[in-house]
Amino acid sequence: MLVYIHVPFCRTRCNYCAFHSVPLGRGVDAAASPAVRDYVDTLLMELALHADTLGGANIQSVFFGGGTPSLLPPRIVGVILERLGRHFHLGDKTEITLEANPESLRGRNVVPDLLAAGVNRLSIGIQSLDEAMLRTLGRPHKAQDSLQAVFAAREAGCANISMDLMWGLPGQSVRQWLQTLKDAVRMAPDHISAYGLTLEPGTPLELECEEGRLALPPERDQNIMFMEGAAYLEAQGYLHYEISNFARMGFQCRHNLGYWEGMDYLGLGPSATSTIAGRRWTNPASQRAWDNKVRTGALGKAPEVLTPTVRVLELIMLRLRTARGLRLKAYRDLTGRDFLRDHQRLVQALHENGLIRIRNGYLSLTRSGMLVSNAIMANLFERTEAVLTREPIAAEGTPVAVAPATEEGAAIPLAEKPPRKPATGPEIRPVVWPTA
C-alpha cells in the first residue's frame, strides 16, 4: 500500500497552482502557527482512525505532498513517520519522499534534520532556473536558491534527489527550455519531473493569458520542447520511464509507479484521495470540514465503489502513461476480451503513424504518442466504454472463458466472434514533427 500525506500550507500561492493550499504568508513561523498545530493534531487522529481497519499493512512508499511540506518542522515530520510506523509496517527500504521548495531548505540543519526524521528522498520544486520565469509563475524563490538547495541536500547525505521543472511557460523559447535542462543536469539530480504547463481554471496565470497580458509558446515550439527535451535527458542517462518523468537507473519514483500500476493508496489530510480494495473516497478540502469528519469517524463511510468499467478505463489510462505500457494480458484478465480486437482500426492507425508500439505482450506509446496522449486516451476511452456497454464485463468472481493467448499476449473470448467489419472511427493522420 502507498500512503500520501497532503500538507496544505505554503508561504504564498503560486500563479499557476490549483491544488488545495493555505498560504501562511511570508515571515510566518509554521512551527508557531495555530493552523499548522491543528492540522497535525487532526492528521494523527486520522491516522489512528484508519489504523483500526488497515493497521499492519506493508507500506511501500510515503509521499508528503502539498502545498509545501518542507514548511513542517523536521521534528513534526519525524512524529508523523513514527506514528505511521506504529500502526503500519515501514521497512528499511520504504521510500519516503518529501516535497520541498528551494527557499524552505535554507538553514544549516534543515536537510540533515529531515533525513534524521526518516525522509530518504527529496523532491525539490525548482520549476525554472530563469528569474523572469520564476516571477511569472509567482514562485517565492530565486534560481540561486535552487542551486543552494540541491548542494545542501547532497552535502547532508541525501542520496535520492528529484527536481520538478516546467516547460511551455509564457514567453519561454525552445532555447531557454533546453538551457534549463542543461543547467539542471549539471546539478546531477537522480530524478527529473518535467511537466508541460497547464492553465488551470481560475488561476491568475490563466486570467493573464486570457486577457492577452501573457502568451504561451506556439504549439510547434511546445512540441519541440517535449521531443528534444526528452531526447536530451535520455542522452544524459535519464530513462524516460513515464510521460513527464526521467530517472537514472534505479531511481524511478516508486510512489508514482505504484499509482500507475494500480496499487491501493491511503490519502491523509484535507483534499487527499484514497483508493482501497476497489473503493474510493476524497477528504473535504476545507480543514474545518476535514477535522469534523475525522472527529466523528465519518471519513470513508460512503465511498465510491469502482465499477468494472471504471477499473478498465483506469487500467488503460495509468499503464499507458508509462514507457512500459499496457500489458495486454491485464486487459484480458479484467475483461475477458482481446484489446487488439476491441480497438483493431484505432490500433492499426496509431501504429501506422508511429504513435504506439506493440512488443512482448505490451502496448505502449512512443515518444510521439506521449505528446498527443490526451487525444489517444480520449479515443480509447470512448471506444472502450462503447464496447463494454455492448458486452458488459462479467461480475467480479465470475469465471470468463478465454482462448489461448495470441502472440501479443491477448486472447479472444470464446463467447464472442470478432466482427467481420471492425467499427470505424475518426481518422488518425500522420504527425509531422518540426525540427529546431
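One can find the structure itself at the top, above this paragraph.
Note that the coordinates shown come from a computational prediction; the quantities given were computed from them, not determined experimentally.

**Q** How should the sheet that holds strand β15 (residues 326–327) be read in this particular structure?
**A** Each strand in a sheet pairs with its neighbour through backbone hydrogen bonds, running either in the same direction (parallel) or in the opposite one (antiparallel). An order of β15-β17-β16 is seen for the three strands of this open sheet, with the pairing classed as antiparallel. Each edge of the open sheet is held by one strand with a lone partner, namely β15 and β16 (356–359). In this sheet, strand β17 (residues 362–365) lies alongside β16 in antiparallel orientation, the contact comprising four bridges. Along β17, the bridge assignment pairs R359 with Y362. In this fold helix α14 (residues 344–352) packs onto β16 and β17, with an angle of close to 105° to the strand it touches most, β16.

**Q** When you look at the pairing of β17 in this model, what are you seeing that I'm missing?
**A** In regular strands, side chains alternate between the two faces of the sheet. Of the two faces of β17, both are covered, the one formed by Y362 and S364 as well as the one formed by L363 and L365. A loop of two residues connects β16 with β17, the two strands running antiparallel in sequence, and N360 in this loop sits at a positive phi of about 50°.

**Q** Please explain the nonpolar core as it appears in this structure.
**A** For soluble globular proteins, nonpolar side chains are generally found buried alongside one another. Residues I5, V62, F64, V77, L122 and F339 are the most contacted members of the largest nonpolar core, which totals 94 residues. The residues touching F64, leaving out its near neighbours within four places in the chain, are I5, V7, P69, V77, I80, L81, I96, T97, L98 and E99. Counting nine residues, the second largest nonpolar core, distinct from the first, contains C17, M133, L137 and M166.

**Q** So what exactly am I meant to see when it comes to the pattern of salt bridges here?
**A** Should the charged atoms of two oppositely charged side chains come close, the side chains can pair. Counted under the stated rule, the structure contains 15 salt bridges. For D145, the salt bridge identified is with R106, shortest N-O distance 3.0 Å. With D145 in helix α5 (residues 143–156) and R106 in the loop between β5 (89–100) and α3 (110–117), this residue pair connects regions lying 39 residues apart in the sequence. Here E208 and R213 are joined by a salt bridge, their closest N and O atoms 4.0 Å apart. Exposure remark for R213: the relative accessible area of 49% places this residue in the partly exposed category. Among the charged side chains, a network of salt bridges with common partners joins E82, R83 and R86.

**Q** What am I meant to see in empty space enclosed by the protein here?
**A** To find the voids left in a structure, one rolls a probe of water-molecule size over its atoms. Evaluation of the coordinates by the stated rule reveals two cavities of 30 Å³ or more. Its volume calculated, the largest cavity comes out at about 50 Å³. With five residues, helix α8 (residues 219–235) is the largest single contributor of residues to the lining of the largest cavity. By residue class, the composition of the lining of the largest cavity is eight nonpolar, one polar and no charged. Volume-wise, the second largest cavity comes out at about 30 Å³. Along its surface, the second largest cavity is lined by L320, F339, V347, L350, I356, L363, I376 and L380. Put simply, the parts of the chain that give the lining of the second largest cavity at least two residues each are α14 and α16 (373–390). Here the lining of the second largest cavity is built from residues that sort into eight nonpolar, no polar and no charged.

**Q** Even after reading the chapter, I still don't get the packing of aromatic side chains, so can you show me in this structure?
**A** Two aromatic rings, taken as a pair, are described by how far apart their centres are and by the angle between their planes. One pass over the full model with this rule turns up seven aromatic pairs. Taking 6.3 Å as the distance between ring centres and 25° as the angle between the ring planes, the aromatic pair formed by Y4 and F63 counts as stacked. Residue Y4 is located in strand β1 (residues 2–7), and its partner F63 is located in strand β4 (residues 58–66); the two are separated by 59 residues in the primary sequence. On the accessibility criterion, F63 (9% relative accessible area) is buried. Aromatic pair Y331 and F339: ring centres 5.0 Å apart, planes at 90°, arrangement edge-to-face.

**Q** Would you explain the environment of P23 in this entry?
**A** With respect to the helices and strands, the residue P23 is situated in strand β3 (residues 22–23). You can call P23 partly exposed: its relative accessible area is 44%. Placed twelve residues apart in sequence, P23 and R11 show a C-alpha to C-alpha distance of 5.2 Å. When neighbours within four sequence positions are excluded, P23 is seen to be in contact with C10, R11, T12 and R13.

**Q** Help me understand α8 in this model?
**A** For an α-helix, the turn length of 3.6 residues means that residues three or four places apart are oriented alike. In this model α8 runs 24 Å from its N-terminal to its C-terminal C-alpha over 17 residues, within 8% of the 24 Å that 1.5 Å per residue would give. Buried within α8 are the following residues: N223, I224, M225, F226, M227, G229, A230, Y232 and L233. Along its buried surface, α8 packs onto β7 (161–167), α6 (174–186), β8 (191–196), β9 (239–242), β10 (245–247) and α15 (367–371). One or two steps after α8, the chain reaches G237, where phi turns positive at roughly 95°.

**Q** Is there a simple way to think about α14 in this case?
**A** The set of residues buried in α14 consists of L346, V347, A349 and L350. Seen from one end, α14 has its buried residues packed into an arc of 165°, which puts them on one side. On the buried face of α14, the contacting elements are α13 (339–342), β16, β17 and α16. Once α14 ends, the next one or two residues include G354, with phi positive near 70°.

**Q** Got a minute to help me understand the packing of helix α2 (residues 74–87) against α3 in this structure?
**A** If you want to describe how two helices pack, look at the angle between their axes and the distance between the axes. Remark: α2 packs on α3, axes separated minimally by 8 Å, with the N-to-C direction vectors making an angle of 10°. Accordingly, the angle class assigned to the pair α2 and α3 is roughly parallel. When α2 is examined against α3, the residues P74, V77, G78 and L81 are found in contact with a partner set consisting of V110, D113, L114 and A117. Looking at side-chain class alone, the contact of α2 with α3 contains six nonpolar, one polar and one charged residues.

The rules behind these values
Residues numbered from 1 in each chain as written. Predicted model: local features only at pLDDT ≥ 70, side-chain atom pairs only at ≥ 80, totals over all residues. Heavy atoms only, no water. Pairing = 2+ DSSP bridges. Helix = DSSP H or I, 4+ residues; strand = E, 2+ residues; numbered from the N terminus. Contact = heavy atoms within 4.5 Å. Axes fitted to C-alpha atoms, helices over the stretch in contact; angles between N-to-C directions. Buried < 20%, exposed > 50% of the residue type's maximum accessible area, 1.4 Å probe, protein only. Core = buried A, V, L, I, M, F, W, Y, C linked by side-chain atoms within 4.5 Å. Salt bridge = Lys/Arg side-chain N within 4 Å of Asp/Glu carboxyl O. 1 Å grid on protein atoms, 1.4 Å probe; cavity = no way out; pocket = protein on both sides within 12 Å on 5 of 7 lines; lining within 4 Å. Points joined across faces, edges and corners; volume = space filled by probe spheres on them. Nonpolar A, V, L, I, M, F, W, Y, C, P; charged D, E, K, R; others polar. Phe/Tyr/Trp six-rings, centres within 6.5 Å; stacked < 30°, edge-to-face > 60°. Expected span 1.5 Å × (residues − 1). Arc of directions from axis to C-beta. Parallel < 35°, antiparallel > 145°, perpendicular 65-115°, else oblique.

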